[in-house]
Amino acid sequence: MWRSILLGASLGLLSSAEIRAQHPEPPRLLDDIRFLSDDGLKGRMTGSPGADSAAAYLARRFSQVGLQPAAGGWFQSFTVGREGSAGRQGQGSVVGMNVIGILPGRDPVLRNQTVVLGAHYDHLGLGGFGSLDPDSTGKVHNGADDNASGAAALIQVAARLAATPPARTVVFIAFSGEELGLLGSAYYVKQPIYPLSSTLAMVNLDMVGRLRNGRLIVYGARTAKEFPALLDSLNWYAGFDLKAQGDGYGPSDHSSFYAVKRPVLHLFTDLHEDYHRSTDDWQKLNYDGLKRVADFSLGLVTALANRTRPLTFLDLPTPTATKATSPGPDSPGYGAYLGTVPDMTGSPGGVRLVGVRAGSPAEKAGLRGDDIITRIGRSETPDLQAMSDALRSHKPGEIVEIVVRRGASVTTLRATLGERGG
Ligand SMILES: [Zn+2]
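This one's a predicted model, so the numbers in the text were calculated from it and none came from an experiment.

Visitor: An account of the overall build of the protein is needed here, citing residue identities and associated values.
Guide: Check the secondary structure of the protein and you find eleven helices and 15 strands. Looking at the protein as a whole, 57% of its 422 residues qualify as buried. Partitioning the intrachain contacts of the protein with sequence separation of at least 6 by distance along the chain shows that 74% fall at a separation of at least 24.

And the structure:
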């Protein structure tokens, strides 16, 4: 259901039916996973023929789904020294390749800014270094979840976004060298194809194929002020048991972007018993779950690439985990509480709601999804900031008039504002 909102009329985009009509070839999620995690690629160790085959396959798939090669081509190569650091080519060094495709933005100004969606495609080869299973040296480590799942989701998102390009340019990067120490992403931020200063955010998909009990972990939720509310808004439709964690550092490629002060998010369906073992095979993936994560990623990238304002990077140490539901513009803990779930992708002329929380003052007042709030009390609410300020200017227990645009009509509702949540 959320898809119709994100790609809907408010953004001037096409419906999913129109997208399907324009894009007859369905994204082949299972085929992509099976190709990338096939024994024939021998575990996709950086610099190996198997990794090169994977890179060629990814460039071909990027092209098929409608991406263009990055300035400089599909491949960005870097050398990996014997010590496992990216450096000069020399004895014993190998060449790793990032695969980069772009979807140019449709806005003549915003297209000069980018959103990066990344997923590494390299894995552990035949075990040994990096494997958690000492007896498996010599056995192919297929890395179906780590990270054929993310690479396949990358293609899925690219295919669907290509039908309706957002305002900003989206840069899709399949990184190599991740398992050797985030080498491909470290190289990219040193030699960015598109300036980091105009890179709005980086979203990383690493290990997204084992969704269990609907639990999706998102790291980096506190690296931009706007992220918690955005995640909350998107999850209203996606319905994950979303565990948003603050920190932007973590053992995957988003760390490289966080280190250069870009807002980052890492989507992750958690560790499992096959992690970094030869048993991480395609048969064990949750394909419905992977599709849901890809849908969520599509919504996330669409919202980021279409938002009119920049993000506010947060460089603060955040020792405690935070729930995505806490610091929204209308959340418990921030002045008087109304209980709306605003559409974080923005809407002209007011704050559009995607829904209201059960039992909340908003629900009791008769507010509902698709309402556009244009006024609270005496304050106009052209955007979320104004709505947040309006709520902060009232106390719990106060009765306020809320002016709402609902379809063609304008309605005034009365809400008794709630207490700060516990
Ligand atoms: Zn790994």
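Next comes the rest of the description.
Visitor: Explain the pattern of salt bridges to me, and be specific about the residues and the numbers.
Guide: A side chain of one charge can pair with a side chain of the opposite charge when the charged atoms of the two come close. Summed over all chains, the structure comprises 14 salt bridges. Asp32 serves as the salt-bridge partner of Arg61, at 2.8 Å between the closest nitrogen and oxygen. Pair noted here: Arg61 is in helix α4 (residues 49-64) and Asp32 is in helix α3 (residues 29-36), with a separation of 29 residues, a long-range link. A residue is classified by how much of its surface remains accessible, and Arg61, at 1% relative accessible area, is buried. The residue Lys243 makes a salt bridge to Asp241 at a minimum N-O spacing of 3.3 Å. Within the structure, one salt-bridge network assembled from shared partners comprises Arg210, Asp274 and Lys284.

Visitor: Describe the packing of helix α5 (residues 144-162) against helix α9 (residues 287-306), with residues and values.
Guide: Where α5 contacts α9, the two axes come as close as 9 Å, and the packing angle between them is 50°. The angle between α5 and α9 falls in the class oblique. α5 and α9 meet at a crossing whose hand is right-handed. The residues of α9 that touch α5, namely those facing Ser149, Ala153, Gln156, Val157, Arg160 and Leu161, are Leu290, Ala294, Asp295, Ser297, Leu298, Val301 and Thr302.

Visitor: Explain the environment of Leu58 to me, and be specific about the residues and the numbers.
Guide: Within the secondary structure, Leu58 sits in helix α4. Spatially, the C-alpha atom of Leu58 lies 9.5 Å from that of Gly101, the residues being 43 residues apart in sequence. When neighbours within four sequence positions are excluded, Leu58 is seen to be in contact with Leu36, Val99, Tyr121, Ala151, Ile155 and Ala174.

Visitor: Pulling in residues and values, what's your account of helix α11 (residues 384-392)?
Guide: Restricting attention to buried positions, one finds in α11 the residues Ala386, Met387, Ser388, Ala390 and Leu391. For α11, the secondary structure elements touched by its buried residues are β10 (340-342), β11 (351-356), β12 (372-376) and β13 (379-380).

Visitor: Provide a residue-level description of the packing of aromatic side chains, including the pertinent values.
Guide: In the structure shown here, the tally under the stated rule is ten aromatic pairs. Members of the aromatic cluster, each reached through a chain of ring pairs, are Phe62, Trp74 and Phe172. Here the basic side chain of Arg292 rests over the ring of Phe240, its NZ or CZ set 4.4 Å away from the ring centre.

Visitor: An account of the environment of Leu367 is needed here, citing residue identities and associated values.
Guide: Within the secondary structure, Leu367 is located in the loop between α10 (361-365) and β12. Once the C-alpha coordinates of Leu367 and Thr340 are considered, the two residues, 27 residues apart in sequence, prove to be 8.2 Å apart. In this view, Leu367 contacts Leu338, Thr340, Leu353, Val356, Ala362, Ile373, Ile402, Val404, Arg406 and Leu413; residues no more than four positions away in its chain are not counted.

Visitor: A description of the packing of α3 against α5 should follow, citing residues and the corresponding values.
Guide: Closest axis-to-axis distance for the α3/α5 pair is 9 Å, and the angle between their directions is 140°. Our classification of the angle between α3 and α5 gives oblique. Of the two possible hands of crossing, α3 and α5 adopt the one that is right-handed. Contacts between α3 and α5 involve Leu29, Asp32, Ile33 and Leu36 on the former and, on the latter, Ala148, Ser149, Ala151, Ala152, Ala153, Ile155 and Gln156. Looking at the contact of α3 with α5 residue by residue, the class counts come to eight nonpolar, two polar and one charged.

What counts, and where the lines are drawn
Residues numbered from 1 in each chain as written. Predicted model: local features only at pLDDT ≥ 70, side-chain atom pairs only at ≥ 80, totals over all residues. Heavy atoms only, no water. Helix = DSSP H or I, 4+ residues; strand = E, 2+ residues; numbered from the N terminus. Buried < 20%, exposed > 50% of the residue type's maximum accessible area, 1.4 Å probe, protein only. Contact = heavy atoms within 4.5 Å. Salt bridge = Lys/Arg side-chain N within 4 Å of Asp/Glu carboxyl O. Axes fitted to C-alpha atoms, helices over the stretch in contact; angles between N-to-C directions. Parallel < 35°, antiparallel > 145°, perpendicular 65-115°, else oblique. Left-handed = near helix turned anticlockwise from the far one by under 90°. Phe/Tyr/Trp six-rings, centres within 6.5 Å; stacked < 30°, edge-to-face > 60°. Lys NZ or Arg CZ within 6 Å of the ring centre and 35° of its normal. Nonpolar A, V, L, I, M, F, W, Y, C, P; charged D, E, K, R; others polar.

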